[in-house]
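# Coordinates in review
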Amino acid sequence: MNPKEEKVKIITEEFVENYDDSEVRRPKTSKAQKHKRKKQVQKASPEDMVSEKSPSDSLQEPSQDDPNGSLLNVTARRSQRSLPPTPSASRTGFAEFSMRERLREKLQAARSKAESALLQEIPTPRPRHLRSPREKESETELGTEPRAEVERTQQEDDSQSNSRVKVRRSARKIKSKTQVPPGYPSAEEAYNFFTFTFDPEPEDLEKKPKSKPRERRNQMEEEEEEEEEEEEGQHPMQTRANKAVTVDEEDVLGRPEEDFLLDLGPTEEDFVAVRPAEYQSVHTRLQVEDKLLFAPSKHSVPMYKKLPENVQPRFLEDEGLYIGARPEVPRTSQNIMENRLLVQEPVQKWFGDDGRILALPNPIKPFPSRPPVPAQSQDVKRELETLYKKAVKYIHSTTQHMIGSGDSPVNFQLDVDISGLIFTHHPCFSREHVLAAKLAQLYDQYLARRQRNKAKFLTDKLQALRNALQMGLNPANPHKSPNLTPKAISEYKSEIWQTRKLRDAEQEKDRTLLKTLIKVWKEMKSLREFQRFTNTPLKLVLRKEKVDQKADEEAQEAEIQAELSELLEEHLMEYEEQLEVYKAAQQRWKAWRKARRAKKKKKKKKKPAEEEQPQEEEEEEEEEEEQGEEEPVKPVPPQPTNRAALEQQVRERAAQGRRRPGEPVLVPELSLAGSVTPTDQCPRVEVLRREDVKRRSVHVKVLFNHKEVSRTDSRPLGTDFRVHFGQIFNLQIFNWPESLTLQVYETVGHSGTSLLAEVFLPIPETTAVTGRAVLEEVEFSSNQHVTLDHEGVGSGVPFSFEADGSNQLILMTSGKVANSVSWAVGENGIPLIPPLSQQNIGLRSALKRADAISSIGTSGLTDMKKLAKWAAESKLDPNDPNNGPLMQLISVATSGESYVPDFFRLEQLQQEFNFVSDEELNRSKRFRLLRLRSQEVPEFRNYKQVPLYDREILEKVFQDYEKRLRERNVIEAKDHIDTHRATVAKYLQQVRESVINRFLIARHHFLPADLIAEEEVPNISILGLSLFKLAEQKRPLRPRRKGRKKVTAQNLSDGDIKLLVNIIRAYDIPMRKPVASKFQQQSRPSRTFIEKHPASPATQSPAHSTDYPLDQVRVRPFVEVSFQRTVCHTTTAEGPNPSWNEELELPFRAPSGDYSTTSLQSVRDDVFINIFDEVLSDVLEDERDRGSGLHTRIERHWLGCVKIPFSTIYFQARIDGTFKIDIPPVLLGYSKERGFDSVRSLSEGSYLTLFITMEPQLVPGEPVREKFDSQEDEKLLHATEKFQAECSLKFPHRQCLTTAINISGKTVFITRYLKPLNPPQEFLDAYPNNPQATAELVAHYVSLIPFLPDSVSFAGICDLWSTSDQFLDLLAGDEEEHAVLLCNYFLFLGKKAWLVMGSAIPEGPTAYVLTREQSHYLIWNPCSGHVYRQFDTFCPLKSVGCLIGPDNVWFNIQRYDSPLRINFDVTKPKLWKSFFSRSLPYPGLSSIQPEELRYQHTDKAAASELQDRIEKILKEKIMDWRPRNLTRWNRYCTSTLRHFLPQLERSQGGDVDEDHQAELLRQLGDYRFSGFPLHMPYSEIKPLVEAVHSTGVHSIDIPNVEFALAVYVHPYPRNVLSVWIYVASLIRNR
Amino acid sequence: MAEVHVIGQIRGATGFSESSLFCKWGVHTGAAWKLLSGVREGQTQVDTPQIGDMAYWSHPIDLHFATKGLQGWPRLHLQVWSQDSFGRCQLAGYGFCHVPSSPGTHQLDCPTWRPLGSWREQLARAFVGGGPQLLHGDTVYSGADRYRLHTVAGGTVHLELGLLLRHFDRYGVEC
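Just so we're clear, the structure is a prediction, and the values are computed from it rather than from any experiment.

## Focus: the overall build of chain A
- The helix and strand tally for chain A stands at 45 helices and 39 strands.
- Each of the 1630 residues in chain A was classed as buried or not, and the buried ones make up 43%.
- Pairs at least 24 apart in sequence give 75% of the contacts found in chain A among residues at least 6 apart.
- As displayed, chain A has an accessible area near 92000 Å², and 53% of this comes from carbon and sulfur atoms.

As structure tokens, this is what we get:
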């Protein structure tokens, strides 16, 4: 006990001493200490936050659970952290050692102390009392050891101080419990101390609002702890002991340190002060805070605070001005903000006129004060938009190439909605209707006016203006409105004046409108009464709205007074002004008078003594003078305003224009509630009128770009003259529309349709999209004059309502069409607007549209002045951001500062920097030539070298081209003779050009196969074959032609290509008849139409004349091949069955040197293979010379010809076979040898065996690689593909056709082409009993339609099928069209007929017609009109691919395809694979052919005229071809021949009238005669000339030769012309 | 009246992460320019480099322009596309460069870029291919503000262009 007590004593003593010291030191240190403290706080604050709790933790927790543990914990922590860095290891060791010792001691001591303390403490809990000294103590302590404190962290400090506090407290509890130290501040003082000490330094507090409270809180915590401990102090003895221990330990630790640092040597008790936790109640704190902090109130601020004094809030929105949407801010936040603003910055600029915080940008400011907020993705500029595109496999689409323009043709759509039609006047209107229409119109007007309610608007405006003026003039607060200058006031006034005037006018208008409305209604009522029936259900009801009379009167009176006062003011001002003027004038006048008087006086003074007379004179003079100079009139003073008069005026006006006060407001309502008198109760005229109305119907046509695109249904006119259509037309368009017109048609009964009016609709803006478009009413009127004989008033006719006929009215038919036009919206929401305003997507299109003018468009409104005027008139709200750009524009336009050009230039300064003008650039011949060449214009397509300088280019280079351009649209009938053909030719030409242009573009698209020649990789089979070849014979007995390497036609030039014609042999060449036999009856001539009568095959030739010895050579034929005017011929062989076996080589020149595939495909040259007979005639005139020389002349006589088009050779690559020679029906002087061969006698005609090919072999053009769009069923198309694939798999070389392409480029199922069609009636009538003859006639007719291969006209790329009527219109077509027409005719004639698709010689793939007779089949060649039996050896049809009937397609699946060897029975499924079968039944496809064909007779006169012209031209040509010789024409012979030709036509070249021929021969007896008729269908002159030329008739150069030429044109219906040309040469026999 | 021949080739491209590249190209000129002959747009073959990482196209360009002014000097814009193993094509880069204005041969390197797209699109591009493309291809060569466009660098396209100028001196343009 002793040592302990001692120690405690020492502590207390020291404490007391210390205290005394501190007391002394206090004034000194207090300030410094405060600073320290602040510093500490500053320093500590961050850590403080972290370890706020730790002190209490370290104190309380351990105390509760485990004293030892906690002890160690604390110790450990202490030793770690609080040891100063300087002490040596020994010291620490010592410290540790002594620590343990003391620990034990103190534990005991503490227990005893605690016990005693506990005993003492319970009765006297006086915590407060002790606080302040402890506080001071701690302060002193801090003050004395600043260095140590600085080095410590706040945490340590806290915990230390805590522990110290406790220790001290416990110590004091032991020692000085009862003592109240004198001079200690009382509890109140202590309390005040807190507040007091802080108060004087508010700025400090403000600076550290965070740290202070924290400190305070620390203190509070301490206090609380303290209190807690004190309260529960009695129960845990342990706790206290622990504390004591802690303290001890603390001391132990603290001591050496302090000793070391300060060298003061006091015990730890000196530094330990026990103090209560500082506490401040919430209330007080709030009070304090209230003083220090400013918290704006959440309550809303009264309006008067926010606005300048005496200013009423003004709500712009109520005044009709545009106010944007305010951002959403909670009300309380706004209030807080307002309060804050009011206190902090009492400037009013934060508040708007409506007393709210300004939250929106000022729209009138030219530049936004806020930078644009980068918004979300929807704001991204259009051109920067990206689109996620899936990775797509690149498809070599063929369709893409077809159209040519790279971008897919987007259909744009314009939706025209025609909802209805209302007639505002119609001829059938009765008088009542007229009134009703007027009433309705007025009512509409009234409604419109009421909706606009301009009077109200103006009244309000007036009110607002008055208020504003009032405010401006209010002298109470002049400073608030400094901007209201006198000028502004006067402006206000004038504005008021104007507004008032406007208002009055509007009010008056309203009133008059109402009056008129009532008047019309009254008229109508009287009319109804008068005529005793009702026609219209219109009914006008006037609803009265009661008004408070008194209020009304007051309001009106106030209004009048206001007006009056204003007027008075105005007058007053005027008066003042006038007064001013008057005064000034008065002044002047007075001055003038004065001056005059002075003058007078002067004069009088000057000459006082002068006589009367001169004075008078002078006076006169003066007067004259006065008169001379202007004498100011004496001004009249202005009249002051008479108030009473003015009032009177105002009141009058009010009475006139306004509703009388108290008078009820009249609201008219128009309803259709009335009933119409039924027809049977009406007088006759009215009944008539109603019937007439019923007969009428109306429809509307929609015209797009002046073309009718659709029309509405015809709807009957209702009794109310309203027509409801409700139809929407979707116009699919490609380009920006030029015009859109509606035509209103009226149909009266069945009589006819008349155009009432045209309504022009505006093209909608690009923003007008379907769904957003508004229904608009467009008015129309017509100027037609209609007078009706019934009650209807008519149109354009005067009528009157009055009985006496006065007051006449003339009304025109008029009405309104309710419609809306808008752009459709596509599936993906993109409006389908043509690219004039919308840029297309995609690289290619972007490239194309790089030309900016097209993208901007020219539709923009550019008239700035009009726009400005309009804007000024329409009084746009400048606040509305919608009008922003417009306002800006107007401000620019009206300010006049900046120059607004009246044009728009895309590329500025372009003009200034140009080298040359456009014209000059276009004039350059070189550039033009280069461009044309690159555009592949036919004339320049293969122009090789373009000269470098313009001067080197001749002007004539362009002549042809320009001529062609000029003549493109001029139809000239020179070459074509009849205009129909000329038109058709033009049309064909145009179709051809467009097709060629399409393919020219398509040509530039290549497939890999076009570019890459890929050698096949050798595989085992090829290897095996080549091995097999080794074993082959070197020279086989029967050699075969080997395939040659094909050459792509790119690097070729003139002369590279040769045409090889191998002429092998001929059969049955006609033979010369001996001259001697000329008088004999000639044998029947050979026939061209073999097998005229298949049923009777034996056409015997008459018995041969036996005059000629058999060994005599009667024919020496040779073959001449001409191609492109190059002629080659073989040697002469002998006999009717010659064998030449010669190869002729002809060079080939492509047109204009273009050897591309397309160009080669369109070569239209033919290879003429002519067979001539070489005749040697003796020219020797004198028999005596015979011995000395050879005197013979070689003549050649044309026998026949084979014509093979080049395109056939090109596509077939080789032509190999025996062809029938086209021998004219009559060959004068020749006959066919017969009887040698009984087999051949069956076949009439001569044959030639040929082989034709090209060297090198050219690659024929690919067929079109494209799919055409189709209107066929998708399933059907799929089936066709499948069918074709199956067929080509089995028989790849057989032609299989299921679809064809019609002339508009659409795929059509092929059976749709076949349908019975009527041939011309005259053919049916010709042989009523002989169907066979009729069939032949029809075939002949079809064959007369000129042949024009598709491959030529359409560049060989696609085969277009035209329907029969198109074919007959065009009068040109290839095999398919001929075959289709012929087949249709046969079907009409009741035959079973099919189209045969196969290949023939020489055409290659072609179409024939198969008919089934009773027992056999006939094969018809539609182009020549020939008919063959199935088993005819010389039938040109060599293979049959498929048959096409009107309802099915059969594919040949037999082993052979030669018509000789196949069975045509299509019912056998083993032989013929049918397209429509049980699995796919025939769906009944409708035909695309017309219902029937109409034939018009060809003009006979025109035909004969044509005949003369042809004859003339041909004669001229023959003379031209014989430039060196004289050409004589034998007129007699010509006329004979001319008579002969019609017979030939009649017999179709068959049964020639033999008598006539004999007669001919007789007549031309002494002539050697050779000649033949040529028969051709007529298309143009040129082929005729060509044919005549190829016969070589002209080439006879015997001096005395004469010619005869006769032409006969036989007209058939539909301008089908059969041309016969008889050419003959005559040589007079001597 | 001056004439410009642009004769050269698109040699190839380097630096693309994708292989199997092809290039669509086009030439854009101002209103003063007229194309006398040649094609102003085209597409190369797909090149899959076996050795090295440069895709060679060696695609010829042969254009003949006539002009009446210097404005709108021809500019080349390119789109590099890549073909993946399924034969699907996706955009690999947009590029743009001016045709040189001095005569002679020029080696041009045209860096390319492509739109980045949102993270979803990037993800889709990485896994299923495709990618964002410009809706309006002319953004590549027009002077629109592109600051809102997020792009990724592509590789470089190498071009070799020869220029022949004619008659420019006649109008006071030295070259």
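## Section: the pattern of salt bridges
Residue and element names in this part refer to chain A.
- In total, this model carries 26 salt bridges over all chains according to the counting rule given.
- One salt bridge in this structure joins Arg285 and Glu289, with 3.7 Å as the shortest N-O distance. In this pair, Arg285 and Glu289 are both assigned in helix α12 (residues 282–292), 4 residues apart and thus about one turn of the helix distant.
- Looking at Arg285, the relative accessible area reads 29%, which means it is partly exposed.
- Linking Lys461 and Glu495 is a salt bridge whose minimum nitrogen-to-oxygen distance equals 3.7 Å.

## A closer look at unusual backbone geometry
- For A:Asp1068, which is not glycine, the phi torsion reads 60° and is therefore positive.
- Mapping A:Asp1068 onto the fold places it in the loop between β16 (1058–1067) and β17 (1071–1072).
- Here B:Ser58, not a glycine, exhibits a phi torsion of approximately 50°, which is positive.
- Within the element layout of this structure, B:Ser58 appears in strand β5 (residues 55–67).
- With relative accessibility at 42%, the residue B:Ser58 sits in the partly exposed group.

## Some remarks on the environment of A:Ser1486
- Mapped onto the fold, A:Ser1486 is located in the loop between β35 (1472–1474) and α42 (1500–1521).
- It is 9.3 Å that separates the C-alpha atoms of A:Ser1486 and A:Tyr1313, two residues lying 173 residues apart in sequence.

## Examining the packing of aromatic side chains
Residues and elements named next belong to chain B.
- Enumeration according to the criterion identifies 32 aromatic pairs over all chains in this entry.
- For the ring pair Trp33 and Phe65, a centre distance of 5.8 Å and an interplane angle of 85° mean the geometry is edge-to-face. Pair noted here: Trp33 is in strand β3 (residues 33–37) and Phe65 is in strand β5, with a separation of 32 residues, a long-range link.
- Using a relative accessible area of 5% as the deciding quantity, one classes Trp33 as buried.

## As for the side chain of B:Ser20
Residue and element names in this part refer to chain B.
- Tracing the backbone through its elements, the reader meets Ser20 in the loop between β1 (2–14) and β2 (21–28).
- On the basis of relative accessibility, which here comes to 12%, the residue Ser20 falls in the buried class.
- Beyond its immediate chain neighbours, meaning those up to four positions away, Ser20 contacts Val46, Asp47, Thr48, Pro49, Trp81, Ser82 and Gln83.

## Remarks on the UniProt feature "coiled-coil region" (unreviewed entry) in chain A
- In the UniProt entry, the feature "coiled-coil region" (unreviewed entry) is given for residues 550–588 of chain A.
- Taken as a whole, residues 550–588 of chain A contains 100% helix and 0% strand, while its terminal C-alpha atoms sit 55 Å from one another.

## Let's talk about the sheet that holds strand β33 (residues 1437–1444) of chain A
All names here are of chain A.
- Sheet architecture is open: 7 strands sit in the order β32-β31-β30-β29-β33-β34-β35, paired in antiparallel fashion. Both edges of this open sheet fall to β32 (1427–1429) and β35, since each of them pairs with a single strand only. The mean angle between the axes of side-by-side strands here comes to 35°, regardless of whether they run parallel or antiparallel.
- Pairing geometry for strand β29 (residues 1392–1400) and strand β30 (residues 1404–1412), over 9 bridges, is antiparallel. Paired with Ala1393 across the two strands is Thr1411, which belongs to β30.
- Running at roughly 5° to β30, helix α41 (residues 1375–1388) makes contact with β29, β30 and β31 (1417–1420) of the sheet.

## Side note on the pairing of strand β19 (residues 1126–1129) of chain A
Residues and elements named next belong to chain A.
- Summarising the sheet, strand β18 (residues 1117–1123) and β19 pair through 4 bridges and their orientation is antiparallel. In the strand pairing of β19, Phe1123 is matched with Thr1126.
- Hairpin connection between β18 and β19: a loop of 2 residues separates the two successive antiparallel strands, and Gln1124 in this loop has a positive phi of roughly 50°.

## Considering the sheet that holds strand β36 (residues 1528–1529) of chain A
Residue and element names in this part refer to chain A.
- Strand order in this open sheet of 4 strands is β36-β38-β39-β37, and the pairing throughout is mixed. Of all the strands in the sheet, the pair left with one neighbour each is β36 and β37 (1567–1577).
- Bridge count between β37 and strand β39 (residues 1616–1628): 11 bridges; the pairing is antiparallel. When the sheet's bridge partners are listed, Pro1577 is paired in β39 with Ser1618.
- Where helix α45 (residues 1581–1591) meets the sheet, it contacts β37 and β39, and its direction lies at approximately 150° from that of β37.

Conventions used here
- Residues numbered from 1 in each chain as written.
- Chains lettered and ligands numbered in written order.
- Predicted model: local features only at pLDDT ≥ 70, side-chain atom pairs only at ≥ 80, totals over all residues.
- Heavy atoms only, no water.
- Helix = DSSP H or I, 4+ residues; strand = E, 2+ residues; numbered from the N terminus.
- Buried < 20%, exposed > 50% of the residue type's maximum accessible area, 1.4 Å probe, protein only.
- Contact = heavy atoms within 4.5 Å.
- Areas by Shrake-Rupley, 256 points an atom, 1.4 Å probe, with all protein chains shown as cover.
- Salt bridge = Lys/Arg side-chain N within 4 Å of Asp/Glu carboxyl O.
- Phe/Tyr/Trp six-rings, centres within 6.5 Å; stacked < 30°, edge-to-face > 60°.
- UniProt positions renumbered as here; feature names shortened; annotations may be inferred.
- Pairing = 2+ DSSP bridges.
- Axes fitted to C-alpha atoms, helices over the stretch in contact; angles between N-to-C directions.

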